[in-house]
Amino acid sequence: MSSETSHHKPRVAVVFGGRSSEHAISVLTAGAVLRAIDREKYDVLPIGITTDGRWALTADDPERMAIADRQLPTVAALAESTEGAVVLPVDPTNREVVYSEPGSVPKALGEVDVVFPVLHGPYGEDGTLQGLLELSGVPYVGSGVLSSAVGQDKDYMKRVFTSFGLPVGPYEVIRPREWEKDPAAARRKIVEFAAEHGWPLFVKPARAGSSMGITKVDDLGGLDEAIEEARRHDPKILVESLLRGREIECGVLEFEDGPRASVPAEIPPVTAHDFYDFEAKYIDSADGIVPAPLTAEQTAKVQELAVAAFDAASCEGLVRADFFLQDNGEFVINEINTLPGFTPISMYPRMWQESGVSYPELIDRLLQAALHRSTGLR
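Engineer: Pulling in residues and values, what's your account of the sheet that holds strand S10 (residues 215–217)?
Structural biologist: On the basis of which strands lie adjacent, the open sheet formed by four strands has the order S8-S11-S9-S10 and antiparallel pairing. Looking at which strands have only one partner, the edges of the open sheet turn out to be strand S8 (171–174) and S10. Direction aside, the axes of adjacent strands within the sheet are offset by 25° on average. Bridge count for strand S9 (residues 201–205) against strand S11 (residues 237–241) is five bridges, and the pairing is antiparallel. Paired with Phe202 across the bridge in S11 is Glu240. Its contacts with the sheet put helix H8 (residues 223–233) on S9, S10 and S11, and the angle it makes with S9 is roughly 25°.

Here you go:
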């Protein structure tokens, strides 16, 4: 490591928050990571990104990064200043992080050896931050630019999976230009899809996560409102048919000898919600079953598909792969998440805990893999 001469422990910048609708989930994840990271082994620099994109210096205080009275945390509430900004130089020969406030002399915060991005959604999980870190020459946890972008865009994700022969469910895409040019024609396209595959449909943003902006639509009457809600998060929307079956998830983690799959988990039907939506995941804490009650053959199959999806999208580090086990016994891959949540109730760390990799060990393994991986073409 180039900067080991200046300090004996690798310096980890935990970057969280961000400009997407998943801002609060990222703060929750950061709190969990900061609690678990081995302080004997790593120096830690928490950097929060506000909803307007300012990189802020925040307190290393995981307790304030939690849901309190059903209120979600924000970087703005954690920032040490309302104006100060952290700057990461776009210079591969210099990893010095600088903090500046108006009217004050910029302050050097020291070099960073590795970045642990715990951002979700656009401007963090979608390849944009990864591109910045590639330009800066700073190693980081997780997938690179292309894989992150593919993992964020459910349209192209499904196209990649299909090209590799992985099973995906029926879907339709409405691109921004289609809607802006002729909303009636775009709406007809969805109605024709429903005529072929039946109601209900799920209308969702193509490039958002944490079940943000998703609506289950039972008939024509709810379609316009669902489109409007999805477009509030992303001008490109995805329409999927209902897949009847069980929701199964599987974690993938990169080891020295390649990616391996965890034991799978099952998301049981959520009785208080129409589907596994944002509130079910993060506010009402729907309990996943780990390990999933599957046969040995089913477990082996979903693990095989999870690793195949990881490889198809050229992922690195970690992935959570989400599936439907249909009533006919066949698995269909719904999506992958290249930076899955690390909140205390998140499925990814729970699956690996059950697979013999503890939460602190999981974080250490991801950081070590990033430190030993070069930036640039690889």
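Engineer: So what's going on with the nonpolar core? Residues and values would help.
Structural biologist: The biggest cluster of nonpolar side chains holds 36 residues, and the ones touching the most others in it are Phe116, Phe342, Ile363 and Leu367. For this core, the element with the highest residue contribution is helix H12 (residues 359–371), accounting for seven residues. Counting residues in each nonpolar core, the second largest holds 25 residues, with Leu166, Cys250, Ala312 and Phe323 among its members.

Engineer: Outline the pairing of strand S12 (residues 245–255), listing residues and values.
Structural biologist: Where S12 and strand S15 (residues 318–326) come together, nine bridges link them in antiparallel fashion. Bridged to Val252 within S15 is Val319. In terms of strand pairing, S12 meets strand S14 (residues 265–267) through three bridges, oriented antiparallel. Along S14, the bridge assignment pairs Glu247 with Ile267. With four bridges connecting them, S12 and strand S13 (residues 258–261) associate as antiparallel partners.

Engineer: Mind laying out the packing of aromatic side chains, listing which residues take part and the relevant values?
Structural biologist: Counted by the stated rule, this structure contains five aromatic pairs. Residues Phe323 and Phe331 carry aromatic rings whose centres are separated by 6.2 Å and whose planes lie at 80° to one another, so their mutual orientation is edge-to-face. As far as the burial class goes, Phe323 and Phe331 line up, both buried. Three or more aromatic residues link up through ring pairs in this structure, and these residues are Phe116, Phe342, Tyr348 and Tyr359. Directly above the ring of Tyr123 sits Arg19, whose terminal nitrogen or CZ lies 3.8 Å from the centroid. When the ring centre of Phe255 is taken as reference, the NZ or CZ atom of Arg260 above it lies at 3.9 Å.

Engineer: Requested: an account of the confidence of the model for the protein chain, with residues and values cited.
Structural biologist: Summing up the model confidence of the protein chain, the mean pLDDT is 90 and the portion of residues at 70 or higher is 93%. Of the regions scoring below 50 in pLDDT, residues 1–6 engages in seven contacts with residues more than four places distant in sequence or in other chains. Of the regions scoring below 50 in pLDDT, residues 280–285 engages in 22 contacts with residues more than four places distant in sequence or in other chains.

Engineer: Now, about the state of the cysteines: what can you tell me, with residues and values included?
Structural biologist: Tallied over the full model, the rule gives zero disulfides. Residue Cys250 stays outside any disulfide, its sulfur separated by 13 Å from that of Cys315, the closest cysteine. Classification of Cys250 as buried rests on a relative accessible area of 0%.

Engineer: Mind laying out helix H7 (residues 183–197), listing which residues take part and the relevant values?
Structural biologist: Look at H7: 21 Å from first C-alpha to last across 15 residues, which is about the 21 Å you get at 1.5 Å a residue. Looking only at H7, the buried set comprises Ala186, Ile190, Phe193 and Ala194. The buried residues of H7 all sit within an arc of 100° when viewed along its axis, so they share a single face. Residues Glu192, Ala195 and Glu196 are exposed on H7 and point more than 90 degrees away from its buried face. Those residues of H7 that are buried are in contact with S8, helix H6 (176–181), S9, H8 and S11. Positive phi appears at Gly198, one or two residues downstream of H7, with a value of about 90°.

Engineer: I'd like a description of unusual backbone geometry, backed by residues and values.
Structural biologist: A cis geometry characterises the amide bond from Trp199 onward to Pro200, with omega recorded as 0°. Inspection of the secondary structure puts Pro200 in the loop between H7 and S9. The residue after Val290, namely Pro291, is reached through a cis peptide bond having omega -5°. Within the secondary structure, Pro291 sits in the loop between helix H9 (278–283) and helix H10 (296–312). Residues other than glycine seldom take positive phi values, yet Arg70 does so here, at roughly 60°. If you trace the backbone, Arg70 turns up in the loop between strand S3 (55–57) and helix H2 (75–78). In this structure Arg70 comes out as exposed when scored by relative accessible area, which is 51%.

Engineer: So what about the environment of Leu166? Which residues, and what values?
Structural biologist: By secondary structure assignment, the location of Leu166 is in the loop between helix H5 (154–163) and S8. Remark: the alpha-carbon pair of Leu166 and Glu63, spanning 103 residues in sequence, is separated by 41 Å. Once you skip the residues sitting within four places of it in the chain, Leu166 turns out to touch Phe161, Leu305, Ala308, Ala309 and Ala312.

Engineer: I'd like a rundown of the pairing of strand S2 (residues 43–49), residues and numbers included.
Structural biologist: As a general feature of sheets, a regular strand has side chains that alternate between the two faces. Of all seven residues in S2, six are buried, a share of seventy percent or more. Pairing of strand S1 (residues 11–17) with S2 involves seven bridges; the strand directions are parallel. Within S2, the position partnered with Ala13 by the bridge is Leu45. For the segment spanning S1, helix H1 (residues 23–36) and S2, crossover handedness is right-handed.

Cut-offs applied
Residues numbered from 1 in each chain as written. Predicted model: local features only at pLDDT ≥ 70, side-chain atom pairs only at ≥ 80, totals over all residues. Heavy atoms only, no water. Pairing = 2+ DSSP bridges. Helix = DSSP H or I, 4+ residues; strand = E, 2+ residues; numbered from the N terminus. Axes fitted to C-alpha atoms, helices over the stretch in contact; angles between N-to-C directions. Contact = heavy atoms within 4.5 Å. Core = buried A, V, L, I, M, F, W, Y, C linked by side-chain atoms within 4.5 Å. Buried < 20%, exposed > 50% of the residue type's maximum accessible area, 1.4 Å probe, protein only. Phe/Tyr/Trp six-rings, centres within 6.5 Å; stacked < 30°, edge-to-face > 60°. Lys NZ or Arg CZ within 6 Å of the ring centre and 35° of its normal. pLDDT = per-residue confidence, 0-100. Disulfide = S-S within 2.5 Å. Expected span 1.5 Å × (residues − 1). Arc of directions from axis to C-beta. Right-handed = clockwise from strand over helix to strand, strands pointing away.

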